[in-house]
Every structure is written in C-alpha cells, then in structure tokens.
Amino acid sequence: MQDFSYQVRTKVLFGRDTECKVGEEIKSLGGSRVLLHFGGGSAERSGLLPRVRESLRAAGLPFVELGGVRPNPRLSLVREGIDLCRREGVDFLLAVGGGSVLDSAKAIGLGLFHPETDVWEFYERRATARGSTPLGVVLTIPAAGSETSESSVITNEDGRKKRGYSTPFNRPLFAAMNPALCATLPPHALACGVADIMMHTLDRYLVTEERSHLTDKFAEALLRDVIEFAPRAVRDPADYEAMSELLWAGSLSHNGLTGLGNKTDFAVHALGHELSGLFDATHGATLTAVWGSYWRYVMDANPGRVARYAREVWGLSTAEEGICKTEAFWQSLGLPVSIPELLGRPVTEEEIGEMAVKSTFFGRRKVGVFKPLEVSDLERIYRLANR
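Parameters at a glance
- Residues numbered from 1 in each chain as written.
- Predicted model: local features only at pLDDT ≥ 70, side-chain atom pairs only at ≥ 80, totals over all residues.
- Heavy atoms only, no water.
- Helix = DSSP H or I, 4+ residues; strand = E, 2+ residues; numbered from the N terminus.
- Contact = heavy atoms within 4.5 Å.
- Pairing = 2+ DSSP bridges.
- Axes fitted to C-alpha atoms, helices over the stretch in contact; angles between N-to-C directions.
- 1 Å grid on protein atoms, 1.4 Å probe; cavity = no way out; pocket = protein on both sides within 12 Å on 5 of 7 lines; lining within 4 Å.
- Points joined across faces, edges and corners; volume = space filled by probe spheres on them.
- Nonpolar A, V, L, I, M, F, W, Y, C, P; charged D, E, K, R; others polar.
- Core = buried A, V, L, I, M, F, W, Y, C linked by side-chain atoms within 4.5 Å.
- Buried < 20%, exposed > 50% of the residue type's maximum accessible area, 1.4 Å probe, protein only.
- Salt bridge = Lys/Arg side-chain N within 4 Å of Asp/Glu carboxyl O.
- Parallel < 35°, antiparallel > 145°, perpendicular 65-115°, else oblique.
- Left-handed = near helix turned anticlockwise from the far one by under 90°.

A. A look at the environment of P71. Assignment of secondary structure puts P71 in the loop between β3 (63–66) and α4 (75–88). Along the chain, P71 and I154 lie 83 residues apart, while their C-alpha atoms are 9.8 Å from each other. In contact with P71, other than residues within four places in its own chain, are S100 and D280.

B. Structural view of the sheet that holds strand β4 (residues 92–97). Taking strand neighbours across the sheet as the criterion, the six strands line up as β1-β8-β5-β4-β2-β3 in an open arrangement whose pairing is parallel. Edge positions in the sheet fall to β1 (11–14) and β3, since each has one partner strand and no second. Recorded for the sheet is a direction-independent mean angle of 15° between the axes of neighbouring strands. Looking at chain direction, strand β2 (residues 34–38) and β3 are connected through four bridges and run parallel. Note that in β3 the partner of L35 across the bridge is V64. Running at roughly 165° to β4, helix α5 (residues 99–113) makes contact with β2, β3, β4 and β5 (135–139) of the sheet.

C. Just the layout of surface pockets, in detail. Its volume calculated, the second largest pocket comes out at about 170 Å³. If you go around the second largest pocket, the residues you meet are Q2, L206, V207, T208, E209, R211, G261, N262, K263, V369 and F370. Tallied by class, the residues present in the lining of the second largest pocket amount to four nonpolar, four polar and three charged.

D. Layout of the nonpolar core. In this structure, Y294 and W330 are the most contacted members of the largest nonpolar core, which totals 103 residues. At ten residues, the largest contribution of residues to this core is made by helix α7 (residues 187–205). Here W330 is in contact with A195, M198, M199, L202, T288, W291, L335 and V337, once residues within four sequence places are set aside.

E. Region of interest: empty space enclosed by the protein. Scanning the model with the defined rule gives one cavity of 30 Å³ or more in all. Taken as a whole, the largest cavity spans an internal volume of roughly 40 Å³. Lining the largest cavity, in full, are R9, L93, A105, K106, G109, S132, T133, L135, F169 and N170. Sort the elements by how many residues they give to the lining of the largest cavity and α5 lands first, with three residues. Split into classes, the residues belonging to the lining of the largest cavity amount to four nonpolar, four polar and two charged.

F. Spatial organisation of unusual backbone geometry. Unlike most non-glycine residues, N72 shows phi in positive territory, near 55°. Judged by relative accessible area, which is 5%, N72 ranks as buried. For F361, which is not glycine, the phi torsion reads 55° and is therefore positive. Looking at the secondary structure, you find F361 in the loop between α15 (349–359) and α16 (375–385). On the accessibility criterion, F361 (6% relative accessible area) is buried.

G. Spatial organisation of the pattern of salt bridges. Counting across every chain of the model gives 29 salt bridges. Measuring nitrogen to oxygen at the nearest pair gives 3.0 Å for the salt bridge that ties E320 to R296. Here E320, found in helix α13 (residues 319–332), pairs with R296, found in helix α11 (residues 283–298); they are 24 residues apart in sequence, far enough to count as distant. Here E327 and R296 are joined by a salt bridge, their closest N and O atoms 3.0 Å apart. Here E327, found in helix α13, pairs with R296, found in helix α11; they are 31 residues apart in sequence, far enough to count as distant.

H. A look at the packing of α11 against α16. The N-to-C vectors of α11 and α16 enclose an angle of 125°; their axes lie 8 Å apart at closest approach. Compared by their axis directions, α11 and α16 come out oblique. Considering only the axes of α11 and α16, their crossing is right-handed. Residues A289, V290, S293, Y294 and Y297 of α11 pack against D377, R380, I381, L384 and A385 of α16. Of the residues contributing to the contact of α11 with α16, the split by class is seven nonpolar, one polar and two charged.

I. Here's a closer look at the packing of α11 against α13. Packing of α11 against α13 leaves a shortest axis separation of 10 Å and a crossing angle of 180°. Between α11 and α13, the angle is such that the two are roughly antiparallel. Residues T288, W291, G292, W295 and R296 of α11 pack against E320, I323, C324, T326, E327 and W330 of α13. A per-class count over the contact of α11 with α13 returns five nonpolar, three polar and three charged.

Here it is as structure tokens:
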C-alpha cells in the first residue's frame, strides 16, 4: 500500500427529512447569520426552500438569500454573493441544490474569507487559500460529490474559461442528503449525474503503477453498484432504494477514497470543462462525449490497467471491450459518446485548437498524470471524439 494522508471533515446527515435539521446544525457550529444559496425555482416549488427557511427560523438564525445559480456556475454571481455576504455580515453559507450551487457557494466562501484577493486568482492558480467561510449543504441530486469533496469549478464569462480549484478548506462542514428530494429529477439531468459519479472514480482509476488492493476493489465495487442502480433511478427517480445508492456513491466517489495513495488523472474533466466553457454544455454529458477517445488514446501507458477495469467491472476480457461496454451503458441512459452527439454538430479545427490551449492554461501545464498530454495530444483526442 502506498503512503497517503486522508481527512474528511464533513458530517453526513443521510435519510428522510434531514433538510429540516440544518438550522440546529448551523447553530451548533457557531453560525449566526446565513447566506441561503440556491439555483432556480424548482427548490421553491417543491417546498424544499420553505422547509429550509423554517429550520433556520426555528433555530433563531437570520439569513439572506441569493438564487440564480446556473449549470456551469458563473463567476459574476460568485462576486455578487461575496459582496452581499460582506454587506450583510454573513458568517455561514448554506447551499441548497446540486453541484453547481455547491461549487458557487464554495467560491463565495473563498472570496469572503480572503477580502484582499479576487476570488478568480485561486482558480487561475495565482493564489493559495488559507481558509474559507463555513459551509453546509442540502443536496438535491446525486452527481458531483461536491458535498464531501474539496473541489469547486467556476466558469468565467470573460474568455469563457472554466477552472477548478481544490483545497481542504472547500469541504462542507455538514451535508444533508435525503434521497426523497431527488424524486422529481428529469431523466437527462440524473443520467448526467450518473456519468459524473462514475467519472470521479474512473479519473482516479488510471494509474501506471499498482496501488492498494483495497482501494482498487472499493473503486470497482462502487462502479458496479452505480451500473446496477442507475437504470432503475433514471426510469423512476422516486425509487428510494436506487436513489439512495446513487446519492451515497456520488459522495464516496469524490471524497478521495477511490484514489487513496496515487496521483489523480482528471484529464477527462479537463477536456470536458473546455466543452462546457465554450458551448455551455452539461458537465456530465461533456465527459461521456470524450471519455472513450481519451482512454483509447492513453491506454498504451498501462494496457493492463484498462484490461483490469474491463475484467473487474464488466466481466470482460479485453480493454477495448470494456471501453465499448461503458460507452454502450452511457448511450442506454441517453448520453453522448462523441462531440457531434453532444452538440449536434462537429466542432471546427479552430474550436479544437482553442479548447486544447485553454486546457493547458495557455501552456502553463500538461494535462493528466497517467499519460501527461501536450496541446497536440489534446487536439488529437478532440479530433477522435469529433467523429
């Protein structure tokens, strides 16, 4: 087993009606004035936001609200939230929603804690966080795993750049996870969430050297569990058992457990982020659109690793069979496995060049660990996915 350091500080409240406990949780953690951060109108119409407000009032906690978070959360709203929190004296953030809301709240927390630094500097790797504003979560979709992870991803409208920033300070202090809150999710949104869950483990699974057997077996079991329960949940989001499995898998897939002891690759996320940033495409669908092309391009770095995935997750003999079976699974959920399927058209050579350069932060980094990629490699992968 390789050496590692691992710490998860998030308290998980899992089960029915856990959203009604958030007020007492925040009060027990010392919060005195709360920002309630959320997305669109569905949380209001479903009765979730009224229940959360009542929980805050019952705990005697004053709060201000900021809605309007969109998929691929915007830097402009983050800055608006930072300014609002400073004016109102907010000392605790409560995110109600999915990964986009959580990412936005994490960015607000970073900016609020560092008044001397523009928050985008963290995402451009020009500043390092020293802390963040305390954050709690009410989760409404199994997907990003942001409720227990240290990552946050924000889109800067200026230049259409999508960047992630990871720090232990991003981890929420608690997460209320009620599978019943996911019962009205649209099938496509849930399918995209399934892709994100799987990718958070797949992006940790590609390693050039063998790692802990337990970590491998845990990752493989998680993937098999998602493959088993995802079709049920997509057919019927009110299936509490299936949704429970996905909701918990989403957290475990992105809290670090499935990659302990090795450097994580996340090249597929880098490729997908540029598709989201340039075309405002849904995150999970951008990942499935490029995943197969990426794995085929890099698997010569350790063909046995990809073959193990095929064998242990799908019960198949060869690496190519495993990749094809995964793509067929995503297609069965209505997800794309190429860029033309994602966008309705191929991308141009100019767009390929722009995305490849942006992925490397304009030449400041290589992408990936399994097989570090230059701009020319990224261009080839985008072309493979463009067929």
